[in-house]
Amino acid sequence: MSWQLTPYFLPLLVSAAISSAIAVYSWRYRTSPGSVPLAFLMTAAAIWSAAYAMELGSAELSLKLFFTGIEYIGIAFLPLAWLALALDFSGRDSWISYRRIGLLAVIPVITILLVWTNDRHKQETGGIDGRQYLGGVRGGQRICISFYHNCRGICRHGRLYK
């Protein structure tokens, strides 16, 4: 395993550490309104930041692909945690149920599965051969994910402003 130091490595690790500290702090006070969704939001952000730092710092393609897969765990679940935080913070915590969160988590789970099984279907990154773009959804799933995240964003912001 060979590593390379980039200018973005340290700020991303600091971001992951701060997000982790906020997640731990908010989980300790989970009886307060909004603290549990905030803990999940900060955990997703910490996973995303740490995995992205490791992706940028790794020099081997296999490690970059591995950390891209880890990164997508945070990327996929961050908007869901953000929606839950907006609902809880705006006083609509009755809308948050295990059933609704489970239904909303279907698309992120499918996204993560597609990223982790990309070597079989080449849908997510367009067939990586070492020269193409490593991250990002490139297949037909991109339209579905974009629509899904935009709809959740509209709902999230609409709930906060009412």
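What this report covers is the structure whose coordinates are included nearby. (Residues numbered from 1 in each chain as written. Predicted model: local features only at pLDDT ≥ 70, side-chain atom pairs only at ≥ 80, totals over all residues. Heavy atoms only, no water.)

## Quick notes on the nonpolar core
Consideration 1: In terms of nonpolar packing, the biggest core is built from eight residues, these being Ala 23, Leu 41, Met 42, Ala 44, Ala 45, Leu 78, Ala 81 and Leu 85.
Consideration 2: Of all the elements in the fold, those that place two or more residues in this core are α2 (35-57) and α3 (61-89).
Consideration 3: Setting aside residues no more than four positions away along its own chain, Ala 81 makes contact with Pro 37, Phe 40 and Leu 41. (Core = buried A, V, L, I, M, F, W, Y, C linked by side-chain atoms within 4.5 Å. Buried < 20%, exposed > 50% of the residue type's maximum accessible area, 1.4 Å probe, protein only. Helix = DSSP H or I, 4+ residues; strand = E, 2+ residues; numbered from the N terminus. Contact = heavy atoms within 4.5 Å.)

## Considering the packing of α3 against helix α5 (residues 106-116)
Consideration 1: With their axes 9 Å apart at the nearest point, α3 and α5 run at an angle of 170 degrees to one another. Taken together, α3 and α5 sit at an angle that is classed as roughly antiparallel. Residue-level inspection shows Phe 66, Thr 68, Gly 69, Ile 70, Tyr 72, Ile 73, Ala 76 and Phe 77 of α3 in contact with α5, the latter providing Pro 108, Val 109, Thr 111, Ile 112, Val 115 and Trp 116.
Consideration 2: Residue composition of the contact of α3 with α5, by class: 11 nonpolar, three polar and no charged. (Axes fitted to C-alpha atoms, helices over the stretch in contact; angles between N-to-C directions. Parallel < 35°, antiparallel > 145°, perpendicular 65-115°, else oblique. Nonpolar A, V, L, I, M, F, W, Y, C, P; charged D, E, K, R; others polar.)

Purely geometric stuff here, so don't read any function into it on its own.
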